[in-house]
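# Notes for the structure review
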Amino acid sequence: MSTLRPGVESKRASRPFYARALLAVVSFFRQLARHPVSLVGTLLVIAFVLLALFGPNIAPHRFDDLIRGAARQSPSLEFPFGTDRLGRDIFSRVLWGAREIIAIPGIATAISVFLGTCVGLFVGYNGGWIDELISRALDSLLSIPALVLALVMLGTIGPSPVGIIIVIVLLYMPIVTRVIRSATLNIRTSGFIEAAKLRGESLPYILFREILPSVLPALTVEAALRFSYAIFLTASLGFLGLGVQPPSPDWGRMVSEARANYARTPWELWFPAGAIALLVIGVNLMADGLRRIFRYEGQV
Amino acid sequence: MSRYIIRRLLLLAVTMLVTSLIIFGLTQVIPGDVAQLILGREAGEQALADFRAEFGLDDPLPVQYVNWLGGFVTGDWGRSFTSGNPAVRPLVMERLGNSMRLATMTLIISVPVSILLGVLAALWEDSWLDNLISVLSLSVVGLPEFVTGLLLINGIALGIKSLGLPATSSVPDGTLEDWIRQLILPSLTATFVLLGYIARLTRAGVLDELKKPYVRTATLKGLPYRAVIFKHVLRNALLPTITVIALSVGWLIGGLVVIENVYNYPGLGALMVDAVKQKNLLMLQAIVMVTIFFFALANLVADLLYAVLNPRIRLE
């Protein structure tokens, strides 16, 4: 956060919003480029998000198209990733599946970060018994291992996209809250907060206009990390057969189903597994890059 | 110290009590009539009523909770809903033993390797080795275990078929050879998860210590480099690493759900997935309680170890 110099800031402030946004993006990529691995990771993530948005439009087939006479084809020009035992095009299935593996963790992360930030800012700034109560409640929720809690909850509410989102939010909101709370605790006695209080600013103003910008580094890195863990969890649940249910193509479940056919159609396993690996590695490298940019040493 | 331990044990009991409430609450939300779910659609009214009476499903919820918790504490964990209604406790205990075998094997492999890598990365900071370890640990640590696991099975195990490693693991018999044969692949997979984490923590710890004045003093008074590292730096630097290793034991015992599934290994995690799919409530509750117990215990041991190894910390 110390990278902004006051002079530069005021010059930028006079520019229109979109120009400032563009400048911010350019400077972000410049800083990323100092560490090429992080840049590669970020570009990977952008590529996957584009796939999630447009994948179904560019896929040559639907995910459930049974192509006549094309069962168990090895990868070729016509079927870049090959076909499975039913004659479904793996390339198209991977493209269609990109949407869920990005959207479910993405939405869940966004909700957890939003709620976690609101609660974290509030309890961190206010302190007192509410802080004590909420912290203890979150502690006990955190004492249960994530995958175990996820399994029990999904077993009860049933596997569905909404169910998975709820599970991820319940798991990760406490963690985000904790990070934001401790970041808020560090700065709540600073002079500029005191000044805002004395000016008679409202609570939302102090929380979101004064404190939020200062905890933004922690928030950004945490959001990227949570996104990576959420993808991890969604894929793992899919693999265990507790993710998004058929017929929609879930990468984790595709991998799980491909195991039985590995001897005859190994490509059925390679491509969805490779896609998951690339996506997760990309998000992790991006999160690491963000941590470098912000010089933020949070939990690993 | 002993007062601290007693307080922590009490806290452990409270944690277990709270989580037992959460778990019991969660498993009650299962939609639909459990008796109907288990016995199937064709079950007659009488059979359903018998089932409910047998498992106490008609009692009010608080009574069910107290009965369940009382039974749990006294060692009566109820009977499984699945066919034949086997008792839950022996099944869970057997799986727990299997999980502990796998955890032991994983620790034997992962701890020395990851500490060594972390120390090397720190001593040669910014060398190609350091960068390689950092990129590898960053990418591997986030990979779902089923990806690394299947990579191992299909890439390595099938590649070196002559070793005759089984793609699915069963419980090893007593011999050392069978332990290695059965458990090497699943524990390597778990090692991949731990490796990045422990190695990075070790690296950070060593780098931190190397900057401290006592290292310069030791070097300047003419101690050989090896003595500075082994006698001074590592003793301090490995403290957080040891804590994390203790913490990971909890995960190794109850959290290897995916790895056990990949290798068809009959551990606690695999049993839990089955219980979830079959809506086998009593089984699920028992497994979760056992898992959480080991998590909390690992937490406690980690804290105590930290205090024992670092006398500067006063536990009060």
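Each chain has its residues counted from 1, following the order in which its sequence is written. Chain letters and ligand numbers both follow the written order, the letters beginning at A and the numbers at 1. pLDDT decides what is reported in this predicted model: residues at 70 or higher carry local features, side-chain atom pairs at 80 or more are listed and counted, and totals for whole chains, interfaces and linings draw on all residues regardless. By convention in this description, side-chain values take in all heavy atoms of the structure and omit both hydrogens and water.

Secondary structure summary: chain B contains 13 helices and zero strands in total. By the burial criterion, 49% of the 316 residues in chain B qualify as buried. Counting only contacts in chain B whose residues sit at least 6 apart along the sequence, the fraction spanning at least 24 positions is 74%. Taken as a whole, chain B presents about 15,400 Å² of accessible surface, with 65% of it coming from carbon and sulfur. By the criteria applied, helices consist of DSSP H or I runs no shorter than four residues and strands consist of E runs no shorter than two, each listed in order from the N terminus. Summary of the burial criterion: residues with accessible area below 20% of their type's maximum are buried, those above 50% are exposed, and those between are partly exposed, where the area comes from a 1.4 Å probe applied to protein chains only. Residues are treated as being in contact if the distance between any of their heavy atoms lies within 4.5 Å. Exposure was quantified through the Shrake-Rupley algorithm and a 1.4 Å probe, taking into account, for residues, occlusion by the shown protein chains and nothing else.

Turning our attention to the packing of aromatic side chains. Remark: the centre distance and the inter-plane angle together describe each pair of aromatic rings, the angle taken between the planes. Residues and elements named next belong to chain B. In this scheme Phe, Tyr and Trp rings, the latter by its six-membered ring, pair at centre separations within 6.5 Å, and the angle between planes marks the pair as stacked below 30 degrees, edge-to-face above 60, and tilted otherwise. Scanning the entire structure with this criterion turns up seven aromatic pairs over all chains. Consider the rings of Trp-68 and Phe-72, whose centres lie 6.0 Å apart with planes at 50°: the pair is tilted. Of this pair, Trp-68 and Phe-72 both sit in helix 4 (residues 61-73), four residues apart, which is roughly one turn of that helix. Across the pair, exposure class does not vary: Trp-68 and Phe-72 are buried alike.

A word on the pattern of salt bridges. By convention in these notes, a salt bridge is any Lys or Arg side-chain nitrogen within 4 Å of a carboxyl oxygen on Asp or Glu. Enumeration over the complete set of coordinates arrives at eight salt bridges over all chains. In this structure, a network of salt bridges that share partners links the residues Arg-199, Glu-201 and Glu-210 of chain A.

All right, on to the packing of helix 10 (residues 251-258) of chain A against helix 11 (residues 267-294) of chain A then. All names here are of chain A. Running from amino to carboxyl end, helix 10 crosses helix 11 at an angle of 145°, the nearest separation of the two axes being 8 Å. Handedness of the helix 10/helix 11 crossing: left-handed. Taking contact as the criterion, the partners of Trp-251, Gly-252, Met-254, Val-255 and Ala-258 in helix 10 are, on helix 11, Glu-268, Leu-269, Pro-272, Ala-273, Ala-275, Ile-276 and Leu-279. Asp, Glu, Lys and Arg are counted as charged, while Ala, Val, Leu, Ile, Met, Phe, Trp, Tyr, Cys and Pro are counted as nonpolar; the rest, among them Gly, fall into the polar class. The residue makeup of the contact of helix 10 with helix 11, split by class, is ten nonpolar, one polar and one charged. The axes used here are C-alpha line fits, helices contributing only the stretch in contact, and every angle between their N-to-C directions lies in the interval 0 to 180 degrees. In this scheme, a crossing is called left-handed if the near helix is turned counterclockwise away from the far one by less than a right angle; it is called right-handed if the turn is clockwise.

What follows covers the interface of chain B and chain A. Each partner contributes residues to the interface: chain B has 40 residues there, and chain A has 35 residues. Here the quantity called buried area is the accessible surface, traced with a 1.4 Å probe, that two parts lose on coming together, added over both. Both sides together, the interface formed by chain B and chain A hides about 3,200 Å², and carbon and sulfur atoms give 79% of it. Linking chain B to chain A there are zero salt bridges. Each polar contact in these results corresponds to two N or O atoms within 3.5 Å; when the atoms are within protein, one needs to be able to donate a hydrogen and the other to accept it, and residues that are neighboring in sequence are counted only if both atoms are side-chain atoms. The interface formed by chain B and chain A includes one residue pair in polar contact (both at pLDDT 80 or more). When residues of the side of chain B that touches chain A are assigned to their parent elements, the largest contribution, six residues, is made by helix 1 (residues 2-28) of chain B.

A common measure of how large an interface is: the accessible area buried when the components associate. Residue and element names in this part refer to chain B. Per the annotation, domain bounds derive from an automatic or database assignment of domains. Taken as a whole, chain B is organised into domain 1 (2-78) and domain 2 (89-309). At the interface, 22 residues of domain 1 touch 21 residues of domain 2. Regarding the contact of domain 1 and domain 2, the summed buried area is about 2,100 Å², with carbon and sulfur atoms giving 82% of it. Along the contact surface separating domain 1 from domain 2 lie one salt bridge. Across the pair Arg-8 and Asp-303 runs a salt bridge, and its minimum N-O distance is 2.5 Å. At the boundary of domain 1 and domain 2, one finds two residue pairs in polar contact (both at pLDDT 80 or more). Of the residues forming the side of domain 1 that touches domain 2, the biggest block, twelve residues, is contributed by helix 1.

This part is about unusual backbone geometry. One non-glycine residue, Asn-264 of chain B, lies in the positive phi region at around 55°. Its relative accessible area of 54% is what places Asn-264 of chain B among the exposed residues.

With that out of the way, let us pick up helix 10 of chain A. All names here are of chain A. By the criterion of burial, helix 10 is predominantly enclosed, with seven of the eight residues buried. Buried within helix 10 are the following residues: Trp-251, Gly-252, Arg-253, Met-254, Val-255, Ser-256 and Ala-258. Backbone nitrogen of Gly-252 and a side-chain oxygen of the N-cap are separated by 3.0 Å at the start of helix 10; the cap is Asp-250.

Here the focus is empty space enclosed by the protein. Residues and elements named next belong to chain A. Lining residues are defined by having an atom within 4 Å of a point belonging to a cavity or pocket. Those points lie on a 1 Å grid over the protein atoms alone, cavities being sets where a 1.4 Å probe fits but cannot get out and pockets being open sets with protein on both sides within 12 Å along at least five of seven lines. Grid points are joined across faces, edges and corners, and a volume is the space filled by probe spheres set on the points. Enumeration over the complete set of coordinates arrives at one cavity of 30 Å³ or more. Roughly 50 Å³ of volume is contained in the largest cavity. As for the largest cavity, its lining consists of Asp-84, Arg-85, Arg-88, Ile-90, Arg-93, Met-254, Glu-257, Ala-258 and Glu-268. Elements supplying a minimum of two residues to the lining of the largest cavity: helix 4 (90-126) and helix 10. No other element matches helix 10, which puts three residues into the lining of the largest cavity. For the lining of the largest cavity, a count of residues per class yields three nonpolar, no polar and six charged.

The subject of this paragraph is a nonpolar patch on the surface. Residues and elements named next belong to chain A. Exposure above 30% relative accessible area and no salt bridge define the residues that can form patches, which grow by joining like charges within 9 Å and nonpolar side chains of Val, Leu, Ile, Met, Phe, Trp and Tyr within 5 Å. Together, Leu-43, Ile-46, Val-49, Leu-50, Leu-53 and Phe-54 make up a nonpolar patch on the protein surface, roughly 520 Å² of accessible area in all. Following the sequence through the fold, Ile-46 ends up in helix 3 (residues 36-58). Relative accessible area serves as the criterion here: at 38%, Ile-46 is assigned to the partly exposed category.

Below, the discussion takes up the environment of Thr-106 of chain B. Residue and element names in this part refer to chain B. For Thr-106, the location among the structural elements is in helix 5 (residues 88-123). Exposure remark for Thr-106: the relative accessible area of 0% places this residue in the buried category. For the pair formed by Thr-106 and Gly-269, sequence separation is 163 residues and the distance between their alpha carbons is 15 Å. In contact with Thr-106, other than residues within four places in its own chain, are Ser-187, Ala-190, Thr-191, Leu-194 and Leu-252. Of the polar contacts made by the side chain of Thr-106, one reaches the backbone oxygen of Leu-102; its length is 2.7 Å.

We now examine helix 11 of chain A. All names here are of chain A. When the terminal C-alpha atoms of helix 11 are compared, their 40 Å separation across 28 residues agrees well with the 40 Å that a helix rising 1.5 Å per residue should span. Across the 28 residues that make up helix 11, a large majority, 22, are buried. Just past helix 11, the residue Arg-295 takes up positive phi, approximately 50°. Helix span is expected to be 1.5 Å times the residue number reduced by one.

Here, nonpolar core refers to any group of buried Ala, Val, Leu, Ile, Met, Phe, Trp, Tyr and Cys residues whose side-chain atoms link them within 4.5 Å. In this structure, Leu-151 and Trp-251 of chain A together with Val-92, Phe-146 and Met-272 of chain B are the most contacted members of the largest nonpolar core, which totals 141 residues. Residue contributions to this core peak at 14 residues, all from helix 11 of chain A. Structurally, this core is a two-domain feature, drawing no fewer than three residues from each of domain 1 (2-78) and domain 2 (89-309) of chain B. In this structure Phe-146 of chain B touches Ala-235, Ser-236, Phe-239, Gly-252, Val-255 and Ile-276 of chain A together with Val-258 and Val-262 of chain B, once residues within four positions along its chain are discounted. Core analysis: the second largest hydrophobic core is formed by 17 residues, Val-176, Val-179, Ala-196 and Ile-206 of chain A among them.

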